[in-house]
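Examination of the molecular architecture
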Amino acid sequence: MSAVPAVAVDEAVALPALRFSPPNEKMVKTGKVLGTRIQSFNLPALKSQRDGFTTCPGAGVCASICYARQGWYYRPVVRDLREDNLVALRGMNIDEMVEAIDAGIKDLHHMVGIVRIHDSGDFFSREYMWAWFAVMERNPHLRFYAYTKMVPFFVDLILPPNFLLMYSEGGKWDAQIPPDAPRSRIFVTHEEREAAGFVDGTSSDGDLPVLMGERRVGLVYHGSNDLKPGQMLALRREPALL
């Protein structure tokens, strides 16, 4: 199944503006290597701090170690941008989501060639996912990519040609990830990553391995908070058991 639902919206209704995030240091470096700019669209990690709405329904062991729930992400300006995006999207139907996201895309700098969907948050509903697919069809000149734990949403779909999806292990539905699908995993050490056959996705080149087509990308934990013994044990378990 691949067709995007038809879009029709009342143009007389003013939609809330969605805000894209400026690129972090790794995105800047990755963009320079690829000769383009990367920008991202984000939501609160795991759940809203305002009302508890779940933005990452597929989260598993990652919930307790999520880097996007630490440090810099708790600055008011960073947190509020993500919370405001979520509030706006939850008040829209799928047609309005398409128009609002596309308007945000059109406001990006003309040098932006790649959009990362979520360095925090995930596809919280199928309607939201379909809205992004429609936006991708409207913007074939852009490349889009995302990490996700929402395996049931995507596993039987034919993805848009300008969309790269990386399944992120450590969620509720790891067992449903197709064996040959691109995937990422968090490791405790680089030695464990290398032994499992995953390339390094923690380096200063950021998401370059993903965008270059690597299918097994390992991220060594690098959050602001140190890992606790129980968290290290959870990360070292077989992915299907997480």
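Please read these numbers as outputs of a predicted model, since none were measured by experiment. (Residues numbered from 1 in each chain as written. Predicted model: local features only at pLDDT ≥ 70, side-chain atom pairs only at ≥ 80, totals over all residues. Heavy atoms only, no water.)

1. Observations concerning the nonpolar core
- Core analysis: the biggest nonpolar cluster contains 41 residues, and Phe 123, Tyr 128, Trp 132, Phe 144, Phe 154 and Phe 163 have the highest contact counts within it.
- Looking at this core, the elements with two or more residues in it are helix H2 (76-90), helix H3 (94-106), strand E3 (112-117), helix H4 (126-138), strand E4 (143-148), helix H5 (151-154) and strand E5 (163-168).
- Top contributing element to this core by residue count: H4, with nine residues.
- For Phe 144, the residues in contact, after removing those within four places along its chain, are Ile 105, Val 115, Ile 117, Trp 132, Val 135, Met 136, Asn 139, Asn 162, Phe 163 and Leu 164.
- Formed by nine residues, the second largest nonpolar core is a distinct cluster that contains Tyr 145, Tyr 147, Leu 211 and Val 217. (Core = buried A, V, L, I, M, F, W, Y, C linked by side-chain atoms within 4.5 Å. Buried < 20%, exposed > 50% of the residue type's maximum accessible area, 1.4 Å probe, protein only. Helix = DSSP H or I, 4+ residues; strand = E, 2+ residues; numbered from the N terminus. Contact = heavy atoms within 4.5 Å.)

2. A short note on unusual backbone geometry
- Backbone geometry at Leu 46 places phi at a positive 70 degrees, although glycine is not the residue there.
- Topologically, Leu 46 is positioned in the loop between strand E2 (37-41) and H2.
- Note on Leu 46: relative accessible area 18%, which makes it buried.
- A positive phi angle is found at His 118, which is not glycine, with a value near 80 degrees.
- Along the chain, the position of His 118 falls in the loop between E3 and H4.
- Looking at His 118, the relative accessible area reads 2%, which means it is buried.

3. Examining H4
- In this model, H4 (13 residues) spans 19 Å end to end at C-alpha, consistent with the 18 Å of a helix rising 1.5 Å per residue.
- For H4, the full list of buried residues reads Tyr 128, Met 129, Trp 130, Ala 131, Trp 132, Phe 133, Ala 134, Val 135 and Met 136. (Expected span 1.5 Å × (residues − 1).)

4. Side note on the packing of H3 against H4
- The interhelical angle for the contact between H3 and H4, taken along N-to-C directions, is 45 degrees, at an axis separation of 9 Å. Considering the angle they form, H3 stands oblique to H4. Once H3 is placed against H4, the crossing between them reads as right-handed. Touching Ile 94, Met 97, Val 98, Glu 99, Ile 101, Asp 102 and Ile 105 of H3 are Glu 127, Tyr 128, Trp 130, Ala 131, Trp 132, Ala 134, Val 135 and Arg 138, all from H4.
- Residues that form the contact of H3 with H4 fall into these classes: eleven nonpolar, no polar and four charged. (Axes fitted to C-alpha atoms, helices over the stretch in contact; angles between N-to-C directions. Parallel < 35°, antiparallel > 145°, perpendicular 65-115°, else oblique. Left-handed = near helix turned anticlockwise from the far one by under 90°. Nonpolar A, V, L, I, M, F, W, Y, C, P; charged D, E, K, R; others polar.)

5. Observations regarding the confidence of the model for the protein
- Per-residue confidence for the protein gives a mean pLDDT of 88; residues scoring 70 or more make up 89%.
- Ranking the elements of the protein by mean pLDDT puts helix H8 (residues 229-236) last with 79 and H4 first with 98. (pLDDT = per-residue confidence, 0-100.)

6. Considering helix H1 (residues 25-34)
- Burial in H1 covers these residues: Met 27, Thr 30 and Gly 31. Along the long axis of H1, the arc covered by the buried residues comes to 100 degrees, so they all point the same way. Of the exposed residues in H1, those oriented more than 90 degrees away from the buried face are Glu 25, Lys 32 and Val 33.
- As for H1, its buried residues are in contact with E2, E3 and helix H7 (208-211). (Arc of directions from axis to C-beta.)

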